[in-house]
Amino acid sequence: MRATLFDLEQTIRQRRNADPGQSYVAKLTARGRGKIAQKVGEEAVETVIAAMASDRQGTISESADLLFHLLLLLADLNISLDDVLDELDRREGVSGIAEKASRKDD
Ligand SMILES: N=c1c2ncn([C@@H]3O[C@H](COP(=O)(O)OP(=O)(O)OP(=O)(O)O)[C@@H](O)[C@H]3O)c2ncn1[C@@H]1O[C@H](COP(=O)(O)O)[C@@H](O)[C@H]1O
């Protein structure tokens, strides 16, 4: 059966308090939110670089790293994937162009 982002979210929550010597999730968590956030930024940049090089496999690999580290950061903030999907649901059907035009200060 195919693993989902919800499965990965659950694994990350379970691994946060594991032995940092045995778990990357625990190790990065122990290094603090700033380090997790830095990794999200690095993986985002690496995704962009791969995409701009039209490196399909690289973009897939870096995107997986990015999603994984983003879930780690969200877990550190006690934000669930459902919280983010709720926000996307809220936006469903609202054109990004129309939404931007409705902002007063833009
Ligand atoms: N999906 C992932 C996953 N994707 C990437 N990574 C790790 O993320 C790290 C990112 O690589 P980098 O080279 O950027 O990082 P780094 O070598 O630590 O570099 P520095 O920041 O230290 O310079 C690598 O160590 C990858 O192995 C992952 N580690 C774990 N998972 C999932 O999380 C589960 C729990 O992992 P553990 O907590 O390690 O048991 C695993 O079973 C997987 O399902």
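Shown above is the structure to which this text applies.
Each chain has its residues counted from 1, following the order in which its sequence is written. Whole-chain, interface and lining totals are the exception, using all residues; otherwise, since this is a predicted model, local features are given only for residues with pLDDT of at least 70 and side-chain atom pairs are given and counted only at 80 or more.

*Asks:* Explain the overall build of the chain to me, please; I cannot follow it from the model alone.
*Replies:* Starting at the N terminus, helices and strands are each numbered in turn, a helix being any DSSP run of H or I of at least four residues and a strand any DSSP run of E of at least two. Helix and strand content of the chain: 6 helices and 0 strands. The linear arrangement of helices and strands in the chain, starting from the amino end, is α-α-α-α-α-α. At 16 Å, the chain has a C-alpha radius of gyration far larger than the 13 Å of a compact globule built from 106 residues. When its C-alpha atoms are laid out on the principal axes, the chain stretches across 50 × 35 × 35 Å. Burial in this document is a count-based property: other C-beta atoms within 10 Å of a residue's C-beta are tallied, and the residue is buried at 20 or more, exposed at 12 or fewer, or partly exposed in between, with C-beta positions derived from the backbone. Looking at the chain as a whole, 10% of its 106 residues qualify as buried. Using C-alpha atoms as the atom set, the radius of gyration is obtained and then compared with a globule rule of 2.2 Å times the number of residues to the power 0.38.

*Asks:* What is the right way to read the site of the ligand from this model?
*Replies:* In the region of the ligand, the neighbouring residues are Thr11, Arg15, Ser23, Tyr24, Val25, Ala26, Asp65 and Phe68. Of all the elements, helix H2 (residues 24-30) adds the most residues to the shell around the ligand, at 3 residues. Defining nearness, a residue is near a molecule or strand when the C-beta atom obtained from its backbone falls within 6 Å of it.

*Asks:* Even after reading the chapter, I still don't get unusual backbone geometry, so can you show me in this structure?
*Replies:* Trans is the common state for peptide bonds, and a negative phi is the common state for residues other than glycine. One non-glycine residue, serine 54, adopts positive backbone phi at about 50 degrees. Within the fold, serine 54 resides in the loop between helix H3 (33-52) and helix H4 (56-76). Note on serine 54: 8 C-beta atoms within 10 Å, which makes it exposed. A positive phi angle, near 55 degrees, is found at asparagine 78, a position not held by glycine. Along the chain, asparagine 78 turns up in the loop between H4 and helix H5 (81-91). Since 8 C-beta atoms lie within 10 Å of it, asparagine 78 is described here as exposed.

*Asks:* Explanation requested: the packing of H3 against H4 in the structure shown.
*Replies:* Between two packed helices, what matters for the description is the angle formed by their axes and the separation of those axes. To obtain each axis, a line is fitted to C-alpha atoms, and for helices this fit is confined to the stretch in contact; angles are then taken between N-to-C directions over 0 to 180 degrees. Contact geometry of H3 with H4 gives a least axis separation of 8 Å together with a crossing angle of 160 degrees. Here H3 lies roughly antiparallel to H4, going by the angle between them. Crossing of H3 against H4: the hand is left-handed. Every residue of H4 that contacts H3 at Arg33, Ile36, Ala37, Lys39, Val40, Glu43, Ala44, Glu46, Thr47, Ala50 and Ala51 is listed here: Gly58, Thr59, Glu62, Ser63, Asp65, Leu66, His69, Leu70, Leu72, Leu73 and Asp76. Ten residue types, Ala, Val, Leu, Ile, Met, Phe, Trp, Tyr, Cys and Pro, are classed as nonpolar, four, Asp, Glu, Lys and Arg, as charged, and the remainder, Gly among them, as polar. Considering only residue class, the contact of H3 with H4 consists of 10 nonpolar, 5 polar and 7 charged. By the definition adopted for this analysis, an angle is roughly parallel if under 35 degrees, roughly antiparallel if over 145, roughly perpendicular if from 65 to 115, and oblique otherwise. We call a crossing left-handed when the near helix sits turned anticlockwise from the far one by less than a right angle, and right-handed when that turn is clockwise. Any residue pair is listed as a contact if its two C-beta atoms, each placed from the backbone, are within 7 Å.

*Asks:* For this particular structure, what's the right way to read the nonpolar core?
*Replies:* Ranked by size, the top nonpolar core spans 6 residues in total: Ile12, Val25, Ile36, Leu71, Leu72 and Ala75. Residues within four places of leucine 71 in sequence aside, it is in contact with Leu5, Leu8, Glu9, Ile12 and Leu81. Core membership is restricted to buried Ala, Val, Leu, Ile, Met, Phe, Trp, Tyr and Cys residues, and these are joined into a nonpolar core through C-beta atoms within 7 Å.

*Asks:* In this structure, what is going on with the environment of arginine 91? I would like to understand it.
*Replies:* Along the chain, the position of arginine 91 falls in helix H5. Given 11 C-beta atoms within 10 Å, arginine 91 falls into the exposed group. Put simply, arginine 91 and glutamine 14 are 77 residues apart on the chain and 31 Å apart in space, counted from C-alpha to C-alpha.

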